[in-house]
Each structure stands twice: as structure tokens, then as C-alpha cells.
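Secondary and tertiary structure notes
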Amino acid sequence: MKKRAQFDKVSLSFETPKGRLNVVEDVSYDINDGDFIAVIGPSGCGKTTMMSMLAGFQKPTTGKVLFDGRPVAGPGPERGVIFQEYGVFPWLTVKQNIAFGLTLNANHVPTAERDAICDHYLGLMGLSDFANSYPKHLSGGMRQRLAIARAYAVKPQFLLMDEPFGALDAQTRSNMQNLLLKVLETEGKTVMLITHSVEEAIYLASRIVVVTARPARIKEIIDVPFAYPRDESIQERPEFAELRSYIRQLVMDEYRAQQAQMRPVSFSE
Amino acid sequence: MNGAGLRRLGLGLIPWIGAILLWYAVRWSGFVNVSLIPAPHQVAAKFFELLTKEGLLIDIFASTRRVFLGVALGILVAVPVGFLLGWYRPARTFADPMINFFRALPPIALIPLVIVYFGVDELAKLVILFYASFFSGVIVMYEGVSQITPLYIRVAQTLGANQTEIFRKVIIPLTVPHILTALRVALGVAWATLVASELIAAQRGLGAMIQNASTYFLLDVIYVGIICIGLIALIMDLILRKITARLLVWQDRAIA
Ligand SMILES: Nc1ncnc2c1ncn2[C@@H]1O[C@H](COP(=O)(O)OP(=O)(O)OP(=O)(O)O)[C@@H](O)[C@H]1O
Ligand SMILES: [Mg+2]
């Protein structure tokens, strides 16, 4: 298996007015070609920070983050990112948002093909009726789907997804999960996904990285025993339920650890 | 015009009618010497007289042209400068005190110096208006630009945008609203400074008209001048607001 991305003894701390804040601590793992890594951990523990080092927006304080064997120097189109805050461009219509990446020189998409690609993703994401609307008229879930469509449209080999389905209702969410599985099957991508849903992590990922309360350290890396292609039936399997309660327990422990860290502060004030 | 449009127009007219009624009321209340307050209809009559016999339009044109040129030049320089200051934090720390110093200086205080360096003709007035527009515009620009969130730039980068594409496709659209606000603020300040700039030996212009009228105590002319300045400023602002609404349909506004 070819190594696509590597975290090698990575730590990151921020200088804040209140002093040094360790956010990621001594994290090491490899992401191989075709892997689907899900990262799960309590809110505020440093998951987004971990991902943004691989995306190229943050440099580790110590250790190395490598992509294709080279230290990550900055963002690039081979690593598509779906941001937690969506970042849909408010000054562009829905269709123009999807077309944005296609119009960039780096992606070499002939003008004649752009329209068809846009329409394809508009349809997939259920946004066709809103093609010419501005994002201000979209619901939170629609904006999230728009951000997904825009990232998929340029077909990055590596996808970094930060809670991409968080704002969606259960039905749409499961549609989006199945769509993602289908896209991966046909386009063979590598994915790093941050999620708060244990079910989502098990259903989609090949490996699950459970991280601790801040600073984020690796608590455990779990191999998911289900082969691809997957469908919803695996969620009925006893192994699924077993794995789910095991991971839930891990996440719960960290959530409690986080609460315990915060308690003295809330009592003294 | 539809019903809603008529209603909006009516709502907009009420305060004006109220102001005119108040004007009459103050005049007839007896608290002030009637000769010190010309009645609205007298001012209106004066307006038509000035318009037909004294070339009021020439004054309006002279003033509007000065404001227009002053604001155009001021904003033309304020946009790139404000952009650089907003974009590069060090530049801002470096230039901030300076800019605030000059902005705090009332343009009127500079008139003696402007006369010394630029004489008393058109250029001197332009310099004052340029000064006023530039410093008010530059602040709006850099406050606005410094608040642009890096998120959109990051998104563009992950989609493969290079520096020029980021500038053209992300930064410019995000800057347009601030340019328009800067224009509006500068226009307001420039109209407010107009009379001061026309203190410099102007032959024509609304400020000059007010100035001359005050030497002869022609109160009705002064009123006409003031109202003209206010009205033209209002019209320019309305036009700019229409343009803004057209360019910024994408913006989420509390009031449609
Ligand atoms: N630029 C920064 N400067 C200072 N502190 C930061 C910065 N970015 C993040 N942090 C802090 O680092 C911690 C981790 O943030 P991060 O966004 O990575 O959490 P997260 O695991 O993604 O949380 P969530 O699940 O809520 O999205 C937080 O306490 C946050 O306040
Ligand atoms: Mg996060």
C-alpha cells in the first residue's frame, strides 16, 4: 500500500493571551492510498486543527506532516477540503459556486464541459431548483450540500471532510453517506473525515482514529472489519453494534475527561 | 406605481411635510423675530428667481462638479491605500496613528495652508475635497478589508486557485461592498466640506452663493443654498444606494 499522508510525532500548540495552548500532541499515523480514515473525539479537542495541518493551513510545532512523502507546504487542489463552516461564496449563485473550481487554471476543465459537470452535481445534491439562487436563500443543510458539491466537482484524489454531514437531517445524511461511498467506489479516493457520529464513522471508514480530549492524542486506532462496497445492511450486523458500543465507550470516557478538566473553572467563577 | 410603492412614498414624505409645518410654526410662534426666518414659500419663490434669473444651475453645477471630482480622486487613491492597510497588518500598525491624526484635522483648518501652496483657484478647492474624501474613505476601506475572513481564501486555495485567481475571484468581490460604503461616506463628508472649500475665493458654487448672501444678510438665499446642498447630496446618495443594491444582490440585508 502506498503511503499518501503521514503524521509523524506531530504536536501543535497555539500562543494565546492566556499562555501556551497544546492542541495536538504526539500524533502519529499513516493514511494509505484508498484509506478512509474517520477521526472522532470530543468537541474542541483539536480535530479540525489536526486536519488543517494536512490541508496546509497550519504548521506543526514539532514533528512532520507529509503528503506523498513531502512535508505539506500549503493548500492544493489535490487535497479537497470540505470546511466545517462550509465557506460557500455568498457573492456567487449556487451554480457559480459549483463552477468555481472548474474555472481555475489548475484544474484544466474545458469550458464546454463545465456546464454538464455543474448540472450533474446540482442534480446529485438536490439543488437543481436553486441553481440560480444566492446562498443567502439556502438553508443550512443546502449550504452544506453546496460545499460538498463544489469540492466533489474538481475531483480531488484526497478528500478532507470536516463534519460534512453535520447540518443534514437523518434521511439526507444517509443519502449523502451512500453517495460518498459510491463516489469512492468509482473514483477511488482517499478520505479523512471528522465526525461526531460513531455510526457514520463505522459505516463509512476503513479505520477509525479515536482522539483524546484536548490536547488531541491518539487514544486508539480501530480497523473496521467490513469490506467495501458497503450498504446499509451492515448496520444491522451484530459486529456493527458491538463496535459501536465499544467506540461509544471510548468517546464517552474522553468526553468525561473533558468535563472534568472544565469543572474547576466553572466552579471558581 | 403599485400600492406598496405609494405607501413607501407617502411614508417618506410625511417627515418633510412635518418639517415645513414646524418651520411655519416657529415663524408664527412669536418666539423669534419674523425677519430672521423667511417662510418656506418665500424661500421657494427665491429658489425660482435664482433659478431663472441668477443662474442657480451654474452654481449647482460648479459645486456638484467639485464634489464629484474630489470624491472620485479621493476614492481612487483611498481604495488601493485602504486595501493595503487592511490587508497587511504591519502596514496598518505603521500608518494607523498618522491616518487618524490627519482624519481628525478638520479640512477647514487647512484652508490657509492650501491657499499658500495651491493658490485660490479650482485646484485649491479640489485639494480640500480630495483631502476630506480620501481620509474618510481610506478608514472605511481598511476597516472593511481587515474584516474579510480568511475562510473564503482558504476555500479557493483548496480548489486550486493561484494568487491572481484569488485576487480576481475572491478578494475583489469581497472588497466591492467596502468600496461602495467608502464612496457613500466620502460623498457625505465632501458635501459637508463643500462650503469650506468654496470659502477660498470662489466665484460660483452653492457655498460661494451662501457666503456672498451672508455678507448682505440675504437669509432667503442662504436657505436656498442650504436646501440645494442637502437635496443634491440626498439624490447622489439615493443613486449610489440603487447601484449598491444592484451590485450587492447577494448580500444578506436586514432591510430589503
Ligand atoms: N488559531 C487558533 N488560535 C488559538 N487557539 C485555537 C486556534 N484554533 C483553534 N484553537 C483552539 O484549539 C482547540 C481545538 O480546536 P479545533 O477547532 O481543532 O477543535 P475540534 O476538535 O475541531 O472541535 P469541534 O468538534 O467542536 O469542531 C480549541 O480549544 C480552540 O479554541
Ligand atoms: Mg472542528
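On a predicted model such as this, the values are computed, not experimentally measured, just so you know. (Residues numbered from 1 in each chain as written. Chains lettered and ligands numbered in written order. Predicted model: local features only at pLDDT ≥ 70, side-chain atom pairs only at ≥ 80, totals over all residues. Heavy atoms only, no water.)

All names here are of chain A. Taken domain by domain, chain A comprises domain 1 (1-78 + 160-172 + 191-269) and domain 2 (83-155). For domain 1 and domain 2, the distance between their C-alpha centroids amounts to 27 Å. Counting residues at the interface gives twelve residues for domain 1 and eleven residues for domain 2. Around 850 Å² of area is buried between domain 1 and domain 2 when both sides are counted, 58% of it from carbon and sulfur atoms. There are zero salt bridges connecting domain 1 and domain 2. For the pair domain 1 and domain 2, the interface holds five residue pairs in polar contact (both at pLDDT 80 or more). The class makeup of the residues in the side of domain 1 that touches domain 2 is seven nonpolar, three polar and two charged. (Domains from an automatic or database assignment. Contact = heavy atoms within 4.5 Å. Buried area = accessible area lost by both parts, 1.4 Å probe. Salt bridge = Lys/Arg side-chain N within 4 Å of Asp/Glu carboxyl O. Polar contact = N/O pair within 3.5 Å; in protein donor to acceptor, adjacent residues only side chain to side chain. Nonpolar A, V, L, I, M, F, W, Y, C, P; charged D, E, K, R; others polar.)

The next point concerns the pattern of salt bridges. Evaluation of the coordinates by the stated rule reveals 26 salt bridges over all chains. Ionic pairing is found between A:Glu15 and A:Arg20, a salt bridge with its closest N-O pair at 2.2 Å. Relative accessible area serves as the criterion here: at 59%, A:Glu15 is assigned to the exposed category. Put simply, B:Arg66 and B:Glu198 hold a salt bridge, and the shortest N to O gap is 2.7 Å. Remark: B:Glu198 occurs in the loop between helix H8 (163-197) and helix H9 (206-215) and B:Arg66 occurs in helix H3 (residues 56-87); sequence separation between them is 132 residues. With respect to class, B:Arg66 is no different from B:Glu198; both count as buried. (Buried < 20%, exposed > 50% of the residue type's maximum accessible area, 1.4 Å probe, protein only. Helix = DSSP H or I, 4+ residues; strand = E, 2+ residues; numbered from the N terminus.)

What follows covers empty space enclosed by the protein. Per the counting criterion, the structure on display carries one cavity of 30 Å³ or more. If you trace the largest cavity, you find it lined by A:Val81, A:Ile82, A:Phe83, A:Tyr86, A:Ala147, A:Arg150, A:Ala151, B:Val155, B:Thr158 and B:Leu159. Per-element tally for the lining of the largest cavity: the top contributor is helix H4 (residues 140-153) of chain A, with three residues. Classifying every residue of the lining of the largest cavity by side-chain character gives eight nonpolar, one polar and one charged. (1 Å grid on protein atoms, 1.4 Å probe; cavity = no way out; pocket = protein on both sides within 12 Å on 5 of 7 lines; lining within 4 Å. Points joined across faces, edges and corners; volume = space filled by probe spheres on them.)

With that out of the way, let us pick up the interface of chain B and chain A. Between chain B and chain A, the residue contacts involve 20 residues of the former and 27 residues of the latter. Of the roughly 2100 Å² buried between chain B and chain A on both sides combined, carbon and sulfur atoms contribute 69%. Three residues stand out in chain B for area buried against chain A, namely B:Thr158, B:Leu159 and B:Trp250, and they jointly supply 34% of the buried area on that side. Where chain B packs against chain A, one counts zero salt bridges. The interface formed by chain B and chain A includes six residue pairs in polar contact (both at pLDDT 80 or more). Of all the elements in the fold, those that place two or more residues in the side of chain B that touches chain A are helix H7 (150-158) and H8 of chain B. Considered class by class, the residues forming the side of chain B that touches chain A number eleven nonpolar, five polar and four charged.

All names here are of chain B. Empty space within the second largest pocket amounts to approximately 440 Å³. Along the walls of the second largest pocket sit 14 residues, with Trp16, Ile20, Trp23, Ile227 and Leu231 positioned nearest its centre. Those elements that provide at least two residues to the lining of the second largest pocket are helix H1 (3-29), helix H2 (40-53) and helix H10 (219-247). In terms of residue class, the lining of the second largest pocket is made up of 13 nonpolar, one polar and no charged.

Let's shift gears to the coordination of the magnesium ion (ligand 2). Residues and elements named next belong to chain A. The magnesium ion (ligand 2) binds to the protein through Thr48 (OG1) and Gln84 (OE1); the donor distances cover 1.9 to 2.3 Å. Of this pair, threonine 48 sits in helix H1 (residues 47-55) while glutamine 84 sits in the loop between strand E6 (79-82) and helix H2 (94-102), and the two are 36 residues apart along the sequence. Owing to a relative accessible area of 34%, threonine 48 belongs among the partly exposed residues under this scheme. (Donors = N, O, S within 2.8 Å, 3.2 Å for Na, K, Ca; no water.)

Quick look at the pairing of strand E8 (residues 190-194) of chain A now. Residue and element names in this part refer to chain A. Judged by how many residues are buried, E8 sits mostly within the fold: five of five residues are covered. Burial along E8 is two-sided: Thr190, Met192 and Ile194 and Val191 and Leu193, pointing in opposite directions, are all buried. Note that strand E3 (residues 36-40) and E8 share four bridges and pair parallel. Paired with phenylalanine 36 across the two strands is valine 191, which belongs to E8. Where strand E7 (residues 158-162) meets E8, five bridges bridge the pair, whose relative direction is parallel. Along E8, the bridge assignment pairs phenylalanine 158 with threonine 190. (Pairing = 2+ DSSP bridges.)

This brings us to the sheet that holds strand E9 (residues 207-211) of chain A. All names here are of chain A. The strand order E6-E7-E8-E3-E9-E10 describes an open sheet built from six strands, whose pairing is mixed. Single-partner strands in this sheet number two, and they are E6 and strand E10 (218-223). Here the strands of the sheet are splayed against their neighbours by 15 degrees on average, with no regard to which way each runs. When E6 meets E7, the two strands line up parallel, connected through four bridges. Following the sheet pairing, arginine 79 is matched in E7 by phenylalanine 158. (Axes fitted to C-alpha atoms, helices over the stretch in contact; angles between N-to-C directions.)

Another aspect to go through is the sheet that holds strand E1 (residues 3-16) of chain A. All names here are of chain A. Taken together, the four strands give an open sheet; going across it, the order is E2-E1-E4-E5, and neighbouring strands pair in antiparallel fashion. Whereas interior strands pair on both sides, the edge strands pair on one side only; in this sheet they are strand E2 (19-32) and strand E5 (70-71). Pairing of E1 with E2, which is carried by ten bridges, proceeds in the antiparallel orientation. If you follow serine 13 over to E2, its bridge partner there is asparagine 22.

A word on H4(A). Counted at 1.5 Å a residue, the expected span for H4(A) with its 14 residues is 20 Å, and the 20 Å between its end C-alpha atoms agrees. Counting buried positions along H4(A) gives twelve out of 14 residues, so the element sits mostly inside the fold. Listed in full, the buried residues belonging to H4(A) are A:Gly141, A:Met142, A:Gln144, A:Arg145, A:Leu146, A:Ala147, A:Ile148, A:Ala149, A:Arg150, A:Ala151, A:Tyr152 and A:Ala153. Turning to H4(A), the residues buried within the fold contact E6, H2, helix H3 (111-124), E7 and helix H5 (170-187) of chain A together with H7 of chain B. Just downstream of H4(A), A:Lys155 is the residue with a positive phi angle, here 50 degrees. (Expected span 1.5 Å × (residues − 1).)

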